[in-house]
Amino acid sequence: MQNTQGLFISFEGIDGAGKSTHIEAVAQAFESQGRSVTRTREPGGTPLAEALRQLVLNDPMDALTESLLVFAARRDHIQGVIAPALAQGRVVLCDRFTDATFAYQGAGRGFDLGVLQTLEQWVQASGAEAQALLQPQLTIWFDLPPAVAAARLTGARVPDKFESQPLAFFEAVAGGYATRLAQDPERFARINADQSPEAVRDQVIGALRAKAFLPGAQSA
Ligand code: TYD
């Protein structure tokens, strides 16, 4: 058990935005401060949620089924990994969280945002106070033009169900992220991901310093 407060940070962006590299750099920055870090991802993070991930990423299904499966995975992940890690004062770095559902199933697939909001309430309600939703304290959004992201993905590996979607799908997903940011600007740090890896990394570390999550100059 640590005395420090738990910290929950999520990382978002369309496929090909390059978030994975930077999550590792963030983990190392926290570890060099003596913090214990839990690296995890969605859909996934527990054996049940990883099994659901395989279905969601590979099997054709309608948008409601997809939404129910990602929220079921999220419920198990919160209970099995995220909440216990935060209670122990750990830093939880989560590769995607609920903003991805609003962006991919909501904006991308055009699924009912009201239903997603209801599922968000059910799945992320924490403790006795039904109003208190578990949300990341910071969401780092790697914003990149979909055409640039598509070029980065080309030939990288066999695309999964989402990665093989047309450009218009990712335009819609990017719009979904922009809407989520507009609804909760304090929680988001928008990163211009159309830059060199070093410049993107500097923006990410700057965002963590601006929130005083890491020591250093308070500039975003
Ligand atoms: P991603 O995070 O890009 O992992 P990898 O780098 O291993 O491909 O892949 C997860 C995919 O799942 C991504 O295409 C977005 C999608 N997704 C949803 O559609 N809804 C969700 O709620 C989440 C968390 C992810």
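Here the residue numbering is sequential within each chain, running from 1 through the sequence in written order. Note on the predicted model: pLDDT of at least 70 is required for a residue's local features to be given, and 80 or more for side-chain atom pairs to be given and counted; whole-chain, interface and lining totals, by contrast, use all residues. Calculation of side-chain values draws on the structure's entire complement of heavy atoms; hydrogens and water are dropped beforehand.

A. Quick look at the sheet that holds strand S5 (residues 188–192). Two strands pair under a simple rule: DSSP has to find at least two bridges between them. The helix and strand labels rest on DSSP assignments: H or I over at least four residues marks a helix, E over at least two residues marks a strand, and numbering proceeds from the N terminus. Across the sheet, which stays open at both edges, the 5 strands sit in the order S2-S3-S1-S4-S5 with parallel pairing between neighbours. Two strands in the sheet have a free side with no partner beyond their single neighbour: strand S2 (37–41) and S5. The mean inter-strand angle of the sheet, taken between neighbouring strand axes irrespective of direction, is 20°. Direction of pairing for S2 relative to strand S3 (residues 91–95): parallel, over a ladder of 5 bridges. If you follow Arg41 over to S3, its bridge partner there is Asp95. The strands touched by helix H7 (residues 167–183) within the sheet are strand S1 (7–12), strand S4 (138–143) and S5, with S4 carrying the most contacts at an inclination of about 145°. Axis lines are fitted through C-alpha atoms, for helices just across the contact stretch, and the angle between N-to-C directions can take any value from 0 to 180 degrees. We call two residues contacting when some pair of their heavy atoms lies within 4.5 Å.

B. Quick peek at the pairing of S3. Most of S3 is tucked away: 5 of the 5 residues are buried. Whether a residue is buried, partly exposed or exposed follows from its accessible area with a 1.4 Å probe, protein chains only, as a fraction of its type maximum: under 20%, in between, or over 50%, in that order. Of the two faces of S3, the one holding Val91, Leu93 and Asp95 and the one holding Val92 and Cys94 are both buried throughout. As judged from the 5 bridges shared by S1 and S3, these two strands associate in the parallel manner. Along S3, the bridge assignment pairs Leu7 with Val91.

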